[in-house]
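Residues per chain, in single letters:
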Amino acid sequence: MNAAVIYLLLLKATMTSFAGMGSLPQVRQDFVETHRAVSDEQLSQAVLVGRATPGPLGGYVVAVGYFAGGWPGAVAGWLAMATPALVAIPLFAVVQRWLHLPRIRAAVDGVIIASAALLVGSGVTLAVDAVRQLTR
Amino acid sequence: MTRPTLHQLVTAVALDTNRTVGGGLVSIELLRRRFTRHGWIDADAHGLFVAVSRFTPGTVVLAYCVTLGWRLQGWLGALLALTVASAPCSVIIFALAVTLTQIEHFPLVRTLLAVGILVASVLVLASAWHLIRPYLSERLRVRALAVTAVAVALIVLGATPVRVLFAGALVSCLLPSPEARQ
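Below, the structure is looked at part by part. (Residues numbered from 1 in each chain as written. Chains lettered and ligands numbered in written order. Predicted model: local features only at pLDDT ≥ 70, side-chain atom pairs only at ≥ 80, totals over all residues. Heavy atoms only, no water.)

### Details of the overall build of chain B
Under the convention used in this document: By the criteria applied, helices consist of DSSP H or I runs no shorter than four residues and strands consist of E runs no shorter than two, each listed in order from the N terminus. Three exposure classes are used, based on accessible area relative to the maximum for each residue type with a 1.4 Å probe and protein chains only: buried under 20%, partly exposed in between, and exposed over 50%. In this description, contact between two residues means that some pair of their heavy atoms is separated by no more than 4.5 Å. Each accessible area is a Shrake-Rupley estimate made with a 1.4 Å probe; only the visible protein chains count as cover when residues are assessed.
Across its full length, chain B holds seven helices and zero strands. Starting at the N terminus, the α and β elements of chain B follow one another as α-α-α-α-α-α-α. Among the 182 residues that make up chain B, the fraction classed as buried is 52%. Residue pairs at least 24 apart in sequence account for 60% of intrachain contacts in chain B once pairs closer than 6 positions are excluded. Of the roughly 8,300 Å² of accessible surface on chain B, a fraction of 70% belongs to carbon and sulfur atoms.

### Some words on the packing of helix α3 (residues 40-52) of chain A against helix α4 (residues 60-82) of chain A
Between two packed helices, what matters for the description is the angle formed by their axes and the separation of those axes. Residues and elements named next belong to chain A. Our working definition: The convention used is that axes are lines fitted to C-alpha atoms, helices contributing only their stretch in contact, and that angles between N-to-C directions extend from 0 to 180 degrees. Two helices cross in a left-handed way if the nearer one is turned anticlockwise from the farther one by less than a right angle. They cross in a right-handed way if the turn is clockwise. In this classification, Asp, Glu, Lys and Arg are treated as charged, Ala, Val, Leu, Ile, Met, Phe, Trp, Tyr, Cys and Pro as nonpolar, and every other residue, Gly included, as polar.
Two elements in contact, α3 and α4, have axes separated by 7 Å at closest approach and are oriented at 145°. Relative to α4, α3 is oriented so that their crossing is right-handed. Across the interface between the two elements, Q42, L43, Q45, A46, V47 and G50 of α3 pack against Y60, A63, V64 and F67 of α4. For the contact of α3 with α4, the per-class residue count stands at seven nonpolar, three polar and no charged.

### As for the packing of aromatic side chains
We count it as follows: Classification of ring pairs rests on two measures: the distance between centres of Phe, Tyr or Trp rings, Trp counted by its six-membered ring, which must be within 6.5 Å, and the angle between planes, read as stacked under 30 degrees, edge-to-face over 60 and tilted in between.
Applying the stated criterion to the full structure yields six aromatic pairs over all chains. Put simply, the rings of F92 of chain A together with F49, Y64 and W70 of chain B touch in pairs and so form one group of aromatic residues.

### A closer look at the side chain of R34 of chain B
Residue and element names in this part refer to chain B. By the element assignment, R34 lies in helix α2 (residues 24-37). A relative accessible area of 17% places R34 in the buried class. Excluding its chain neighbours within four sequence positions, the residues that come into contact with R34 are A12, L15, D16 and R19.

### Focus on the pattern of salt bridges
All names here are of chain A. The line we're drawing: By salt bridge we mean one thing: a side-chain nitrogen of Lys or Arg within 4 Å of a carboxyl oxygen of Asp or Glu.
This model, assessed by the stated rule, comprises seven salt bridges over all chains. Residue K12 is joined to D30 by a salt bridge in which the shortest nitrogen-to-oxygen separation is 3.3 Å. A residue pair is termed long-range when its members are at least 10 positions apart, and K12 in helix α1 (residues 3-15) and D30 in helix α2 (residues 24-34) qualify at 18 residues. Take D30: its relative accessible area is 5%, and that puts it in the buried class. Salt-bridge contacts for R28 lead to E33; the nearest nitrogen and oxygen are separated by 2.4 Å. In this structure R28 comes out as partly exposed when scored by relative accessible area, which is 30%. Here E33 falls in the partly exposed class, since its relative accessible area comes to 38%.

### Section: the packing of α2 of chain A against α4 of chain A
Residue and element names in this part refer to chain A. Put simply, the test is: Oblique is the label for any angle not under 35 degrees, not over 145, and not in the 65 to 115 range, which are roughly parallel, roughly antiparallel and roughly perpendicular in turn.
Between α2 and α4, whose axes approach to 12 Å, the crossing angle comes to 5°. Judged by the inter-axis angle, α2 sits roughly parallel to α4. Note on element contacts: α4 touches α2 through Y60, V64 and A68, opposite L24, V27 and F31.

### Points about the environment of L11 of chain A
All names here are of chain A. As for its placement among the helices and strands, L11 is situated in helix α1. With relative accessibility at 16%, the residue L11 sits in the buried group. Sequence-wise, L11 and T125 are 114 residues apart; in three dimensions their C-alpha atoms are separated by 27 Å.

Keep in mind these values describe shape, not function.
Shown next as structure tokens:
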């Protein structure tokens, strides 16, 4: 599979998700079902690699890119993982500019508190997953 | 507040994002500890970075590193932070993807991975505590309780993280005295 196509498909998945593994359904749809460039087993292996290595869980797209197109595909996967993060700069600039408004400050506070709740959910999921692996 | 040099920024991001398993949330907690310890950011700035990165598409920790780099060292800081946070682990993933079939069969590898994830989960929970702690003062406790209750309910119902965050923002906006936090 062409590296440019891999990049665009993975970018579509990462740009429409808001967490590391959130892109997985779209990746499976495009690479396993539509283009058949990656098997379900390879996708599972990619996820396992993403979990086993340091760094973000979303790094699994690098392995997906490799399975789909060799090392150029892996590079495409890295770029697709990194590109969406640049959206944070204009977003941060906008938030910072309007932060003095009480309603915006309240909205940001709400997001921070909700983030903490989401973190607890993620932490518990990780712990349960680890205990399952240890007792298997 | 002091600013790190570009070298200090890049080194800190590279160290803290490439030495933990269990996902980027762990790295964010390590970054928070290091950057607040050095007085490079405060709890408010960290909370703002987390809020923005949560609403940025893609991987949360990379967006966090970009906002951190951009706030402290401009565009160059953002781009270098993004590169050092994503490139080394991508190289490791590439190398592991090539040899995975052999590695995954070793029980010792699986056990070590599980222990690493267990430690990571503790760090993630610590990160949640540090985010919520500023909101536990008497003036903000109602806001914290209301938003947390709605967030937990939505999480239990299976809502996506973005919907949980939007609901949190909405509930917080609707509560009285939004100027309570000075």
